[in-house]
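In case you want the letters, here they are:
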Amino acid sequence: MVLLGLPGAGKGTQAERLARALGVPHVASGDLFREHMDRETELGRQARAYVERGDLVPDEVTIGMVAERLSRADCADGFVLDGFPRTVAQAEALRRVLDRIGGVLHIVPLVRVSEEVALARLAGRWTCRDCGAVYHDLFSPPREAGVCDVCGGGLYQRPDETPEAHRHRLQVYKEQTAPLVEYYRRAGLLVEVDGEQSIEDVQADLRAIVETACGGR
Ligand code: AP5
Ligand code: MG
Ligand code: ZN
C-alpha cells in the first residue's frame, strides 16, 4: 500500500503503526534520504540541499533509491510506502518495480487534513534519532522530554523543520504530488481517511480499510 497526504498529515505516524501490525516493512523515502544524509553517502550529499529547502529530490535519484529498497527480501510479503510516490513519474516507476518483483498495489489511503492542521503538526514535531519514532510537543509528547519512549534515544528536529520549509513543502505538494490523488482515484485504489481525528482513530480507520482491501493482510 501507499499512504498519501500533505506534509504533516501523519503519514509516518500511521505507516509505522500499520506496518508493525501487519508485520511488513515501513518504507519511507524521507527516512531513507535522512539516513543517507546522516551517513554522508554520495546520495545523501546529492539530496541534502533539496531536503533542507523542502524541494523534491530529482526523480532519477529518488526512484533508484526506493526501487532498491523494495527489491530487498523483507519486502517480498508486502510493505507500507510513505512519501513515495510523490510525482506521476514516480508512480509509473512504482508500477514497473511492482511488475518486476511480482507485487500488487492493493490500496492507496489519502490521510486528509487541512493546511492549518498540517502546519500546526509540523511545528511541534520531534523525531527519535535512533528508531525514527515521531512525537509532538502538544499532541503526543514523550513521557520524558527529549527522550524516546520506545528506545530511550535522543529526540531531534529534522533539518526541514523551519516555517519557510514547511510552507514551501505544502506548495510543492499542491503542485507536484496532488495530481496523484486523481491518478490513484482513476485506478480505483484511492480511499480517503479523516486525518484530523486522534492518532488511534485514524489508525483504526486505516486498519479497517486494509482489512477490506487485502483480506486482513
Ligand atoms: P518526508 O520525510 O516524506 O516528509 P513529508 O511528506 O513532508 O511528511 P512529513 O514526514 O513531514 O509528515 P508526515 O505526514 O509523515 O507526518 P508525521 O507522522 O511526522 O520528506 C522529506 C523530504 O525528503 C521532502 O521534502 C523531499 O525533499 C524529500 N523526499 C522524500 N520523499 C521524496 C520523493 N518521493 N521524491 C522526492 N523527494 C522526496 O506527523 C507530523 C506531526 O504530527 C508529528 O509530530 C506527530 O506526532 C503529529 N501527529 C500525527 N498524527 C496526529 C494526529 N492524528 N493528531 C495529532 N497529532 C498528530
Ligand atoms: Mg513522515
Ligand atoms: Zn527511539
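This text follows the structure it describes.
The present account deals with the structure reproduced in this document. (Residues numbered from 1 in each chain as written. Chains lettered and ligands numbered in written order. Predicted model: local features only at pLDDT ≥ 70, side-chain atom pairs only at ≥ 80, totals over all residues. Heavy atoms only, no water.)

**Observations regarding the overall build of the chain**
- In terms of regular secondary structure, the chain is built from 9 helices and 8 strands.
- Over its C-alpha atoms the chain spans a radius of gyration of 16 Å, differing by no more than 12% from the 17 Å that the globule rule assigns to 217 residues.
- Overall, the C-alpha framework of the chain stretches about 45 × 40 × 35 Å when taken along its three principal axes.
- Counting all 217 residues of the chain, 48% fall into the buried class.
- Counting only carbon and sulfur atoms, one obtains 50% of the accessible surface of the chain, whose full area is about 10800 Å².
- With 27 positive and 34 negative side-chain charges, the chain shows a separation of 2 Å between the mean positions of the two kinds. (Helix = DSSP H or I, 4+ residues; strand = E, 2+ residues; numbered from the N terminus. Rg over C-alpha atoms; globule rule 2.2 N^0.38 Å. Buried < 20%, exposed > 50% of the residue type's maximum accessible area, 1.4 Å probe, protein only. Areas by Shrake-Rupley, 256 points an atom, 1.4 Å probe, with all protein chains shown as cover. Lys, Arg positive; Asp, Glu negative; His and termini not counted. Charge placed at Lys NZ, Arg CZ, Asp CG, Glu CD.)

**Topic: the coordination of the zinc ion (ligand 3)**
- The protein atoms that coordinate the zinc ion (ligand 3) are Cys-128 (SG), Cys-131 (SG), Cys-148 (SG) and Cys-151 (SG), at distances of 2.3 Å.
- Look at where the donors of the zinc ion (ligand 3) fall in the sequence and you get C-x2-C-x16-C-x2-C. Taken together, the positions of Cys-128 in strand β5 (residues 125-128) and Cys-148 in the loop between β6 (134-136) and β7 (155-156) put the pair 20 residues apart, joining distant regions of the chain. When sorted by exposure, Cys-128 lands in the same class as Cys-148, which is buried. (Donors = N, O, S within 2.8 Å, 3.2 Å for Na, K, Ca; no water.)

**Some details on the layout of surface pockets**
- Estimates place the volume of the second largest pocket at around 370 Å³.
- Lining the second largest pocket are 21 residues, with Cys-75, Asp-77, Gly-78, Phe-79 and Val-104 positioned closest to its centre.
- Of the residues that constitute the lining of the second largest pocket, the class distribution is 13 nonpolar, 5 polar and 3 charged. (1 Å grid on protein atoms, 1.4 Å probe; cavity = no way out; pocket = protein on both sides within 12 Å on 5 of 7 lines; lining within 4 Å. Points joined across faces, edges and corners; volume = space filled by probe spheres on them. Nonpolar A, V, L, I, M, F, W, Y, C, P; charged D, E, K, R; others polar.)

**Comments concerning a negative patch on the surface**
- A surface patch of like charges, here negative, comprises Glu-116, Asp-194, Glu-196, Glu-200, Asp-201 and Asp-205.
- Broken down by element, the negative patch gets its largest block of residues, 3 residues, from helix α9 (residues 199-214). (Patch = residues over 30% accessible without salt bridge, like charges linked within 9 Å, V, L, I, M, F, W, Y side chains within 5 Å. Salt bridge = Lys/Arg side-chain N within 4 Å of Asp/Glu carboxyl O.)

**Some thoughts on the side chain of Arg-34**
- Mapping Arg-34 onto the fold places it in helix α2 (residues 29-39).
- Leaving out residues up to four positions away in the same chain, Arg-34 has contacts with Tyr-156 and Arg-158. (Contact = heavy atoms within 4.5 Å.)

**Structural notes on the pairing of β5**
- Summarising the sheet, β5 and β6 pair through 3 bridges and their orientation is antiparallel. Bridging from a neighbouring strand, Arg-125 pairs with His-136 of β6.
- Two successive antiparallel strands, β5 and β6, enclose a turn made up of 5 residues, where Gly-132 displays a positive phi of approximately 85°.
- Of the strand pairs in this sheet, β5 and β7 are connected by 2 bridges, and their pairing is antiparallel. Within the sheet, the bridge partner assigned to Cys-128 lies in β7 and is Leu-155. (Pairing = 2+ DSSP bridges.)

**Some points on unusual backbone geometry**
- A cis amide bond, omega -5°, links Phe-84 with the succeeding residue Pro-85.
- Relative to the helices and strands, Pro-85 resides in the loop between β3 (80-82) and α5 (88-101).
- One non-glycine residue, Glu-40, lies in the positive phi region at around 55°.
- With respect to the helices, strands and loops of the structure, Glu-40 is situated in the loop between α2 and α3 (42-53).

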